Amino acid sequence: MSSINAKPDYHSPQRLRAKLNHFLDDSGRQQPKTNIADASALALFTVDESETSVQMEDMFPIGEIKRVSPSSPHKYSGLSHYLTKAQLTPNRKSRMSGDNSLQSVSLDSSFSSSFYECDDDSSSNLDRSSQSPDSSRRRKRASLRQDAYRQIPTFTWRRESVIHNGRRKFNYVPVEDDGIDHDINLNDLRKHRLLGEGLFGQVWLASSKSRPYAVKVQSKYELAEGAKIEFAVREKEIMSRMKHPFIIRLVKAYQDHQFIYLIMDFVKGGELWSLLHPCTDKVDTVALPERQSKFYTLCLADAVVYIHNRKYIFRDLKPENILIDAAGYPVLVDFGLAKRLERGEKTYTTVGTPAYCSPEIINGDGHTRCTDYWSLGIIAYEMLMGANPFSFEGIDQFSLYRAIAEDDYPPLKNVSEDAADFIRRMLIKDPTKRLGARSPKDVLNHEWFDDFDLTAIRRRKIKAPWVPELSDPLDSSHFDDWSDLDDKSTHTFPEIDHKDETLFDSFPLTSQSFH
Ligand SMILES: Nc1ncnc2c1ncn2[C@@H]1O[C@H](COP(=O)(O)OP(=O)(O)OP(=O)(O)O)[C@@H](O)[C@H]1O
């Protein structure tokens, strides 16, 4: 499933036209076409770049978008504009009213977009305007727009039907041609082996047409018993909104009477935890070379900043939730504790894994996104030093919490000054003074990362410091052996009550089975 959740939302033709005129009608002659029967469309995205560090390339495959200039830049200072071509599927409301001409969608907080349909001769329309005896400035602008039209590729929107509060609703989600079957069924999947188990779920390696997937299966009954339904539903909702090179992609979600299923990409290189605990007894931690630690930290910081820019917090950063992909890049999994949080708002639930918990969570002071920066600082420290700064084998939880809240971390040894400074600023007990508290971008802009090109990293243009050896697409040798555990997806659990059942309404229902 694509990451941008788009809600169809109607503008009147007049309003949409007025909006578009700001961008497209500076010759005074062009009007956006509104009588289009075919499904091609242009999407105009407005991005407030002061609000987000996200590159448009993160949202769309590289080369598929074109930055355009508004005709009245003074009205839009701070905003950047991108044009891309879209395929519109008229929604039910437009079909019923017979109005297929205009639609708009609103994306998440940092994006807004408008659509209007155009046919294939829209560029010739622009050609004509560029040949008129207008000023060279106008011609230049027209040709810029013409380029924009030419270079934009097709971008498809898929309608997804969900049940919300007992009523069927439709979401429009943009779909890239990523070769992934976003309509994959449970029956298409062959279950291979268990990759991991958490408190409320098991994650299985499965495949369809020799393409591997990881499938997280959670029992509705166990979720209801543990009062975790809300978390599981949130996990699916938030994951489906994420599109970032270092964040796991949700391909499809399902529910049947007993279970919910999250079908994800399979990340093949195993957990960062296994890199830090390479010995067979897995107790001793080893340090990673500084460059490798820095590479992982920067990729993870980029993923975390992306999450924060969308007003979510992750709250469970730990080496077990960081997987290494086939190219050696880290990928964040497990949005089970993630939550939406408005700017300036705090949340008070005590969540997380003790060794990575921030002082503000332990003190019950209420936490913000800064709690994730603390956990990232702990992980960076652990990679650099080969030991957690506060936790060690056998420590009791009370002593651990006291140490996190009060003690200084053991000094870093044999690391660069920039690395030490990064850790010092991430592990500040007061969250309001922590790096990233002022702006998430400050984390990415720290001097420690100066010798890495983040854009190249996002495009996976840099060779990762460690690349897992893999023999075939289903190679799962980098994961621990869990074969002694029961397959919970074959258990029969008691039914949950109807009220709890309705909480899963946003998961498409399937009668197919996973085996
Ligand atoms: N997409 C994936 N590809 C490969 N392995 C995965 C994937 N997602 C999860 N895993 C493996 O399964 C393990 C458990 O996944 P996850 O953390 O999502 O489950 P969980 O039930 O929420 O766990 P916990 O209760 O510890 O939070 C991960 O640590 C990882 O080893």
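The name recorded for the protein in an unreviewed UniProt entry is Protein kinase domain-containing protein, from Fistulifera solaris.

Student: Mind showing me how you'd approach the environment of His182 here?
Tutor: Note on placement: His182 falls in the loop between strand 8 (167-175) and strand 9 (190-197). By relative accessible area, His182 is classed as buried at 6%. In this structure, the C-alpha to C-alpha distance between His182 and Asp325, residues 143 residues apart in sequence, is 20 Å.

Student: Teacher, can you tell me more about the nonpolar core here?
Tutor: The nonpolar side chains of soluble globular proteins are, as a tendency, buried together. By size, the foremost hydrophobic cluster in this structure holds 84 residues, and its most contacted members are Leu272, Ile307, Phe335 and Phe422. Examining the composition of this core, we find that 11 residues originate from one element, helix 9 (residues 290-309), more than from any other. Per-domain counts for this core show at least three residues from each of domain 1 (152-268 + 470-508) and domain 2 (271-469). Apart from residues lying up to four places away in sequence, Ile307 is in contact with Met242, Ile247, Tyr312, Ile313, Phe314, Leu332 and Phe335. Membership of the second largest hydrophobic core comes to 16 residues, among which are Ile184, Leu189, Trp204 and Val215.

Student: Would you mind going over the confidence of the model for the protein with me for this structure?
Tutor: Close inspection of predicted coordinates is inappropriate in any region flagged by low pLDDT. In this model, the protein carries an average pLDDT of 75, and 64% of its residues clear a pLDDT of 70 or more. When the criterion is pLDDT under 50, residues 1-133 qualifies, and its contacts beyond four places in sequence or with other chains add up to 321 contacts. Contacts of residues 144-157 to residues separated by more than four positions or lying in other chains number 56 contacts, the stretch itself having pLDDT below 50. Two numbers describe this predicted complex: its pTM, 0.71, and its ipTM, 0.97.

Student: Just to check I follow, could you spell out the pairing of strand 12 (residues 250-255) for this structure?
Tutor: Put simply, side chains in a regular strand alternate between the two faces of the sheet. Counting buried positions along strand 12 yields six of six residues, so the element is predominantly enclosed. Pairing of strand 12 with strand 13 (residues 259-265), which is carried by five bridges, proceeds in the antiparallel orientation. Opposite Tyr254, over in strand 13, you have Tyr261 as the bridge partner. Connecting strand 12 to the antiparallel partner strand 13 that follows it, the hairpin turn spans three residues.

Student: For this particular structure, what's the right way to read the UniProt feature "domain: AGC-kinase C-terminal" (unreviewed entry) in the protein?
Tutor: As annotated by UniProt and renumbered to match this structure, "domain: AGC-kinase C-terminal" (unreviewed entry) occupies residues 450-515. Annotation note: span residues 450-515, helix share 15%, strand share 0%, distance between end C-alpha atoms 48 Å.

Student: What exactly am I supposed to notice about the layout of surface pockets here?
Tutor: By rolling a water-sized probe across the atoms, one finds the places where empty space is left. By volume, the largest pocket is sized at about 1100 Å³. What lines the largest pocket is a set of 43 residues, among which Gly198, Leu199, Lys216, Asn321 and Asp334 lie closest to the centre. Secondary-structure elements contributing two or more residues to the lining of the largest pocket are strand 9, strand 11 (211-219), helix 7 (229-241), strand 13 and helix 8 (272-276). When residues of the lining of the largest pocket are assigned to their parent elements, the largest contribution, four residues, is made by helix 7. Across the lining of the largest pocket, the residue classes tally to 21 nonpolar, 11 polar and 11 charged. In terms of domain composition, the lining of the largest pocket takes at least three residues from each of domain 1 (152-268 + 470-508) and domain 2 (271-469).

Definitions and limits used
- Residues numbered from 1 in each chain as written.
- Predicted model: local features only at pLDDT ≥ 70, side-chain atom pairs only at ≥ 80, totals over all residues.
- Heavy atoms only, no water.
- Helix = DSSP H or I, 4+ residues; strand = E, 2+ residues; numbered from the N terminus.
- Buried < 20%, exposed > 50% of the residue type's maximum accessible area, 1.4 Å probe, protein only.
- Core = buried A, V, L, I, M, F, W, Y, C linked by side-chain atoms within 4.5 Å.
- Domains from an automatic or database assignment.
- Contact = heavy atoms within 4.5 Å.
- pLDDT = per-residue confidence, 0-100.
- Pairing = 2+ DSSP bridges.
- UniProt positions renumbered as here; feature names shortened; annotations may be inferred.
- 1 Å grid on protein atoms, 1.4 Å probe; cavity = no way out; pocket = protein on both sides within 12 Å on 5 of 7 lines; lining within 4 Å.
- Points joined across faces, edges and corners; volume = space filled by probe spheres on them.
- Nonpolar A, V, L, I, M, F, W, Y, C, P; charged D, E, K, R; others polar.

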